[in-house]
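Residue-level structure breakdown
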Amino acid sequence: MSDIESAIGKSPPRLEAAEKAAGQALFSGDMVLPGMLHGALLTSPYAHARILSYDASAALAHPGVKAVVTAEDITGGAIGPLVRDEYALARGKTRYIGEPVAAVAAESEAIARLAARLVEVEYEELPAVATIAEAMAEGAPLLHEDFADYFKIYPAPENGGNLMTRGEAVMGRGTDGFDEADIVVEGVYEVGAQYHAYMEPVSVLAAFAPDGRVTVWSSTQSIFRVQANLHEGLGIPMTKIRCVAARVGGGFGGKAEVSGELVAVMLARKAAAPVRLVLSRDEDMTSMRARHPGTLRVKTGAKADGTLVAREVELWFDAGAYADDSPAVLSVSLQYARGPYNIPHVHVLGHAVYTNKLRFGAFRGFGNPQASFAGESQIDELAEKLGIDPIELRIKNAIKAGDRWLGGQTITSSALGDALRAVRAASDWTRPRAAPAGCKRGLGVSAVAHTCAFLSAGAIVRLQGDGTVIVNTGAVDIGQGSDTALSQMCAAALGLDIEQVSFATPDTDSAPYNYGTVASRVTYTVGHAVHEAAMAVRAQLFDHAAAMLECAPERLELRPGGRVGVSGEPARNAEVSFADIAGRSLYAVGGPITGSGSFMTSDPLDPEHTKTSGLLDLGVLSVRSFGAQAVEVEVDEATGAVRVVEAWCAHDAGRAVNPGAIESQIHGAFTQGMGYALTEELLWEDCRLVNPSFMDYKFPGAMEAPERINAIVLETPEVSHPLGVKGVAEQPLVAAAPAINNAVSAATGLRLKRIPLTPERVLNALLAKG
Amino acid sequence: MDFYQPTSLDAALALLAADPEALPLAGGATLVAMMNADLVEPSALVSLRDVAELQTIEAAADGGFRIGAMISHAALADEARLGGGNEVVRQAAARIAHPQVRNIGTLGGAVAHGDPSSDLPAALVAADAAIEIAGPAARRVVAAENFFEDYLTTALKPGEMVSAITLPVQPEGAVGHYEKFARVHGGYATLSVAVVLAMAGGECSHVRVALGAAGATPVRVDAAEARLLGSVLDADAVRDAAAILAEASDPIDDVRGSAEYRLMLVPRLLGRALAAAEGGA
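This structure is a prediction, so every number in the text was calculated from the model and none was measured.

1. Some points on the overall build of chain B
A tally of helices and strands in chain B yields eleven helices and 13 strands. Relative to the globule expectation of 19 Å for 281 residues, the C-alpha radius of gyration of chain B, 19 Å, shows essentially globular dimensions. Looking at chain B as a whole, 51% of its 281 residues are labelled buried.

In structure tokens:
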């Protein structure tokens, strides 16, 4: 029935494109309420200090100041998605420079910022740990003395000091499998800390109604995570919390968990007035999150014919002062450390360690970029030693449908081989590249897999009086286009045009539960629920139509634009419109037509297949999409600068709901991955972040992006999804750094093991090589 | 904070003289950012936006130029009359930050700020420009080379401001080139090299070289230029000149590169800048 699925596979303009292009989109920081106050933070000047006392009198005495809050105003418990180790504001101790300690609400932002500095906090400075090595040293100062007593949802190490997580997985004969290898390569890889650099800094508006209910509009990836954190962190029952997402100017994982919401609610409660809190860029960079920096020792063994037989990985992540998503990031990183290959013998071991730095948490790729940079760089080293073409080596070992992933989940569909062949053909892989004088050019490749099904999602589809529908999922579009794609999926199930579908604003008052816009999950996971809900509406439409047309429901068909007709009878008198059906349901028979869908990812791991310890239960994370990227780079031998000339990115969308949006995702993710590979790195001197500004922290802009990022969208339908879709939001980032690094190797003969590949590092390596 | 918008230079100078804590506001590209970062807290801003006499580019009879302090980087970058050796200034203006910044930032503001990592100081030194200074008592002129005294420190005295830049007539056949190396387009330079070069009969007949981001002020050394003069810009001459310039440099370690790396770039970018200028000469 091609008609009824016509809304899928097209690239209509984003639903919100016009308002964004016109500058009319309403972000949290744009919102204004009568009597609204402005919030500002006071943050810790110390990396590690005991808080001895607060004195807010000077701040409160300042004209225009309405409220000051500190940890003494916290009415709930500790928060944290995996281990409850932090509070809305630093309580008892501060653990990183930039940690919010107090906040002020005042009549203007300028007054609030000024008054925040008048809040006097007496500290007793404590010794701090700036690195993993310092944190793990014998007798190191502890960040969390009471770690053993914290509530956790993962098996944490006992008596581990600052060691927050230690996870391990063994497949096959583990490291004993190296005895089957003819060639073994081993190396240590280092990855830097990347900042999310979403265009919109953290922002929130909180307002209490007279009945004591608080409404929170915020820049978030999950209204339900905000609600849960407000409940846990401030003890407010969920009946009294309404969370709404305004337009969100990017998230990339940085807004997956709560950010400024608790502080804004505390201020609004104490000031008895609405409070808007918008962080400045430097506050956002010093107080929020970043990607885990770390070190990975990787060892891979192969037979002489290129068959991979064993891999060992030992990774260490700096997790910063609070756990946030770190235990999950570590688990996922280890799950991807084997790579998308059929390696029979695997041993992966990882650690995440508390240090006195900002929180390292969720970030597009979620542990996979680190693992893939190391693992995929090493595959190229192996290919060189084996004398096998890097793409050929990858195709030979590529995981296929029916194979099992580390952990034991079965791969339901894989286009990895197709993706590798696609980039080989598109990039004209074997053609030598001419370089300008003083430069060298080369091509590199990387394979990638990433997940797209995660936790639970719901959807409600309602038929409206005029025969249109409204779909409500609670999923937040953070700029990637999910409002449009989910509307297309809803429209497709009902044979509607996208204009006949409204997408409800994410609002915890009305939306079914949805975990969040993370893990590339929305298209697959939320799409599953949307399809189910729309199909439930369709069944009711057919019941009504059967009665109205006096025929059996089996004889009915959907017709485009919102009509149900009798198969084989195209005449207008043999069909009814959705509007007619709506009228009948609302005013005569049956009542309102509403359909709901509910989906939970469940793909249990197999302890017989892979022995694990210390990891999260990853059975709620499943369905992998595959891809490959080839990149041509130019290395300036005089300066060491690396320029990406062109990229070819083939990714399997299962079935492309909105090809234009997928291409945009690929362009954006590749460019962000390019920044990770080449220029982006937060830097610290001891525990002080030295580059918290866009003047000093540099990500690629339009001038750095290659003229052509060739997006190749593959469609190998995913059998576990009713529409065959997969998500591809993260993998073009994951595969960027290793492909670029491999291209630099091809161009120069260097084997670099640390990103970002700054010009200085590349030049020094070139000179050392001679 | 008070805000004034006078329409004459004299009125602006009078306002500045009346309040030692007041600052002149040109484009604001840097000053407003510094105010936002709480690095400066002026008691008043004296906007120069409506001072017409600061807004002109005049070609002098001898072939040089007098460029008003309020000329934006964008206008400077688009000034087709700046060719030959003075091309170095036009190129430097074109490499400042991004279009938005170039549209508001001004020549006078950038000069008065005296940031050695910014693009115009080195270019102006290479072009042998002069800085016209207007003060409450008198007007004076200081050679660009002497104007930049230390990091963010210039020859400007309290109450004074930059009113114009003059560019001299460059030697016959001279070509200017600004070679900038930054982490990304629009970033501050890790190192930059400004060159004005003339060749005669295959030999260097005129050269001025200034380095940006190589020390607290633009780095220019007579001996380096002497080594290049009369040479065919062979590798030895370029290497020797670069070594002299590097010796005089005192770069810092920062997020844009280590001091060591910056010194490594000196010969590399000098060679590139000279080659580019020679190619155009």
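Moving on from the model shown.
2. A short note on the nonpolar core
Judged by nonpolar contacts, the single largest core of 347 residues is most densely connected at Val104, Cys490 and Ile740 of chain A together with Val195 of chain B. Excluding residues within four positions of it along the chain, valine 104 of chain A makes contact with Gly39, Ala40, Ala59, Val65, Val68, Ala112, Ala115, Ala116 and Val119 of chain A.

3. Considering the interface of chain B and chain A
Note: interface size is frequently given as the accessible area lost on complex formation between the parts. Facing the 14 residues of chain B at the interface are 14 residues of chain A. Looking at the side of chain B that touches chain A, the element that brings in the most residues is helix H11 (residues 259–280) of chain B, giving five residues. A class-by-class count of the residues in the side of chain B that touches chain A yields six nonpolar, five polar and three charged.

4. Brief notes about the sheet that holds strand S2 (residues 22–25) of chain B
Residue and element names in this part refer to chain B. One open sheet accounts for three strands, arranged S1-S3-S2; its pairing is parallel. Each end of this open sheet is capped by a strand with a single partner; those strands are strand S1 (2–4) and S2. Each strand axis lies, on average, 20° off the axis of its neighbour in the sheet, ignoring direction.

5. Some thoughts on the domain arrangement of chain A
Residue and element names in this part refer to chain A. Per the domain assignment, the segments making up chain A are domain 1 (37–126 + 202–278), domain 2 (290–454 + 605–769) and domain 3 (456–600). Opposite the 23 residues of domain 2 that make contact, domain 3 presents 18 residues. If you list the elements that add at least two residues to the side of domain 2 that touches domain 3, you get strand S18 (439–454), strand S27 (621–636) and helix H15 (659–678). Broken down by element, the side of domain 2 that touches domain 3 gets its largest block of residues, five residues, from S18. Broken down by class, the residue content of the side of domain 2 that touches domain 3 amounts to 14 nonpolar, seven polar and two charged.

6. A word on the packing of helix H12 (residues 482–493) of chain A against helix H13 (residues 522–549) of chain A
Residues and elements named next belong to chain A. Look at H12 against H13: their axes get within 8 Å of each other, and the N-to-C directions meet at 30°. Relative to H13, the crossing made by H12 is right-handed. Of H13, the residues touching H12 (which contributes Ser482, Ala485, Leu486, Met489, Cys490 and Ala493) are Val522, Thr523, Val526, Gly527, Val530, His531, Ala534, Met535 and Arg538. Residue classes in the contact of H12 with H13 are distributed as ten nonpolar, four polar and one charged.

7. Some details on H15 of chain A
Between the first and last C-alpha of H15 of chain A there are 28 Å, a value that for 20 residues agrees with the 28 Å anticipated at 1.5 Å per step. Counting buried residues along H15 of chain A, 15 of its 20 residues qualify, which places the element largely inside the surrounding structure.

8. Some remarks on the environment of valine 196 of chain B
All names here are of chain B. Position of valine 196 among the secondary structure elements: in strand S12 (residues 189–200). In this structure valine 196 comes out as buried when scored by C-beta crowding, with 28 C-beta atoms within 10 Å. Linking valine 196 and glycine 83, residues 113 residues apart in sequence, is a C-alpha distance of 11 Å. What valine 196 contacts, discounting residues up to four positions off in sequence, is Gly85, Val88, Ala126, Ala127, Gln170, Ala174, Gly176, Val207 and Arg208.

9. Describing the pairing of strand S15 (residues 308–320) of chain A
Residues and elements named next belong to chain A. Burial runs high along S15: twelve of the 13 residues are buried. Strand direction decides the pairing type here: strand S14 (residues 294–302) and S15, joined by nine bridges, are antiparallel. Directly across from arginine 297, in S15, lies its bridge partner glutamate 314. Here S14 folds back onto S15 in antiparallel fashion, the turn holding five residues, of which glycine 306 has a positive phi close to 95°. In this sheet, strand S16 (residues 345–354) lies alongside S15 in parallel orientation, the contact comprising ten bridges. Within the sheet, the bridge partner assigned to leucine 315 lies in S16 and is glycine 350. Handedness of the crossover joining S15 and S16 through helix H8 (residues 326–336): right-handed.

10. Focus on the packing of helix H9 (residues 368–386) of chain A against helix H10 (residues 390–397) of chain A
Residues and elements named next belong to chain A. Remark: H9 packs on H10, axes separated minimally by 9 Å, with the N-to-C direction vectors making an angle of 105°. For the element pair H9 / H10, the angle class is roughly perpendicular. Of H10, the residues touching H9 (which contributes Ile379, Asp380, Leu382, Ala383 and Leu386) are Pro390, Leu393 and Arg394. Tallied by class, the residues present in the contact of H9 with H10 amount to six nonpolar, no polar and two charged.

11. Let's talk about helix H11 (residues 416–426) of chain A
Residue and element names in this part refer to chain A. If you check which residues of H11 are buried, you get Leu416, Asp418, Ala419, Leu420, Ala422, Val423 and Arg424. Buried-residue contacts for H11 involve H10, S18, S27, strand S28 (642–652) and strand S31 (708–714). Taken from the residues just after H11, aspartate 428 is the one with a positive phi, measuring 55°.

Conventions used here
Residues numbered from 1 in each chain as written. Chains lettered and ligands numbered in written order. Predicted model: local features only at pLDDT ≥ 70, side-chain atom pairs only at ≥ 80, totals over all residues. Helix = DSSP H or I, 4+ residues; strand = E, 2+ residues; numbered from the N terminus. Rg over C-alpha atoms; globule rule 2.2 N^0.38 Å. Buried ≥ 20, exposed ≤ 12 C-beta atoms within 10 Å, placed from the backbone. Core = buried A, V, L, I, M, F, W, Y, C linked by C-beta atoms within 7 Å. Contact = placed C-beta atoms within 7 Å. Nonpolar A, V, L, I, M, F, W, Y, C, P; charged D, E, K, R; others polar. Pairing = 2+ DSSP bridges. Axes fitted to C-alpha atoms, helices over the stretch in contact; angles between N-to-C directions. Domains from an automatic or database assignment. Left-handed = near helix turned anticlockwise from the far one by under 90°. Expected span 1.5 Å × (residues − 1). Right-handed = clockwise from strand over helix to strand, strands pointing away. Parallel < 35°, antiparallel > 145°, perpendicular 65-115°, else oblique.

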